[in-house]
Each structure stands twice: as C-alpha cells, then as structure tokens.
Amino acid sequence: QQQVKQSPQSLIVQKGGISIINCAYENTAFDYFPWYQQFPGKGPALLIAIRPDVSEKKEGRFTISFNKSAKQFSLHIMDSQPGDSATYFCAASISRYSSASKIIFGSGTRLSIRP
Amino acid sequence: DTAVSQTPKYLVTQMGNDKSIKCEQNLGHDTMYWYKQDSKKFLKIMFSYNNKELIINETVPNRFSPKSPDKAHLNLHINSLELGDSAVYFCASSDIAGVTGNEQFFGPGTRLTVL
C-alpha cells in the first residue's frame, strides 16, 4: 500500500515532442504528489508538485495531471528539449505527519530527448 | 552558499571498514533525511531527524547509525561495511512548518564503493 508504481522505466522522445510519465498509488491517505528531476551526478530536485484537490497543475512546459478516482497521476513535458534529459521520479507522501513527511518515491524514468 | 552539502563526494573502502558521511544544511530547516540510491536508481529513505530527534528509522541494518549534533547537521556512520552497502547516499532537508513545506532539498550525494 505504500508503493508508488512508475512507468515507463526509460523513454526516448524527439526534440519538440511530448514526454509523458505515469504513476499510480494505492494509499488514499497520500495528499502530496511531487515530481523530482535528477541529472547525472546530482541530487534530485523538486520540479513540480500537486495536491489532490486539483486535477491539473501547470508550470511552464511541465504539467501534472491528477486522477483521484483512478489513483493515478502523470507528468507531461511539452516541447521536450535536450536539456530535459534526466531521470524523473514521481513521489507521494502524507503531509499531515508534520514532524517529518516521509516521501515514497517511484522507481524513476530515464528520459532522453533526441536532438 | 551551497544549501545542502555532503562530504566526501566519493568514498572507496574495503569490506569490514567503518566510515562516516557528513551532511550540513544552511537553509535553517528543522528536518533532515538520509536516502540510499541503489544501482537501479531506486531512492529509499533510511532515516529522518527533526530538531535532532530521530523520527523515521526504516528497516536499516543497525550497522548504520545516524547522529545529529544540531539541527543543521546529520551524519551517517557505517560499521563493518559490506559489498551491498555500495550505493549513492543522499542527505536532504525540509522545513515542514515553513514556506517550502514538504519540499525536500537534496545534497549532491556521496558515492560509496565497497571493495
């Protein structure tokens, strides 16, 4: 119940295309869904996050779509650029554990954008 | 002006040795974490400290012992290193009650190789 399942494991997209990464969760108590981006040799960094009271959040070329009834959420990268090539992690947590929010990470998607 | 820093960046050692990794954050956050990232990029939380108090202690061998001398520092000591301990270890911090809330800020990682 604590798992977050992420797919695909790897993705190759042409420059200018749309990259889509999908995640699913089981625990309905999760109320915070971030996406982290990790470049080789670096630590993960927060890209965008959503709470379940909205179905979509957009920041620039990055959009999270959230389907509460299906317990699924996805990251869409529009006009994908070579600089977007990185590993992307979806995640989920229960933010009401106020002293320490334990984030459960998906298994990661290695995205490569072909020039 | 690095937010979350870790030392060393690389650590190569023999099986059976004892080693430590240090982490410092200058963000004023009250919560710090240790994560292990294996060769398949899977990120798993190991420990979390809030104001020097251990909050999360996942199923981690007791050869791993975290220590938080103050809320800006969280160190990880590993006794009797084993081959399976080879991984990248990330320190992270968050400010649950503050503006950034659940966002976790990761350090650059320490790549541990046990020979």
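Note that the structure is a prediction, hence the values are computed from the model and not measured. (Residues numbered from 1 in each chain as written. Chains lettered and ligands numbered in written order. Predicted model: local features only at pLDDT ≥ 70, side-chain atom pairs only at ≥ 80, totals over all residues. Heavy atoms only, no water.)

1. Quick look at the overall build of chain A
Put simply, the rule is: Runs of H or I in DSSP of at least four residues are treated as helices and runs of E of at least two as strands, each being numbered from the N terminus. Between the two quantities, the radius of gyration covers C-alpha atoms and the globule rule is 2.2 Å times the number of residues to the power 0.38. For each residue, the accessible area found with a 1.4 Å probe, counting protein chains only, is set against the maximum for its type, and the residue is called buried under 20%, exposed over 50%, and partly exposed in between. Note on contacts: a residue pair qualifies if any of its non-hydrogen atoms lie within 4.5 Å across the two residues. Values of accessible area rely on a 1.4 Å probe in the Shrake-Rupley scheme; residue burial ignores everything except the protein chains shown. By the counting rule applied here, Lys and Arg register as positive and Asp and Glu as negative, while His and the ends of each chain are not counted. One atom stands in for each charge, and that atom is NZ of Lys, CZ of Arg, CG of Asp or CD of Glu.
Helices and strands together make up the secondary structure of chain A, namely zero helices and 11 strands. Relative to the 2.2 N^0.38 estimate, which gives 13 Å for 115 residues, the radius of gyration of chain A is 14 Å and therefore close to what a compact globule would have. The 115 residues of chain A split such that 46% are buried. Long-range contacts, defined here as pairs at least 24 residues apart, represent 55% of the contacts in chain A between residues at least 6 apart. Within the structure as shown, chain A displays about 5500 Å² of accessible surface, and the carbon and sulfur contribution to it stands at 49%. For chain A, the centre of its 13 positive side-chain charges and the centre of its 7 negative side-chain charges are spaced 6 Å apart.

2. Examining the overall build of chain B
When its secondary structure is counted, chain B shows zero helices and 11 strands. Put simply, chain B runs from its N terminus to its C terminus through helices and strands in the order β-β-β-β-β-β-β-β-β-β-β. Seen through its principal axes, chain B has C-alpha atoms that stretch 45 × 25 × 25 Å. Relative to its 115 residues, chain B shows a buried fraction of 45%.

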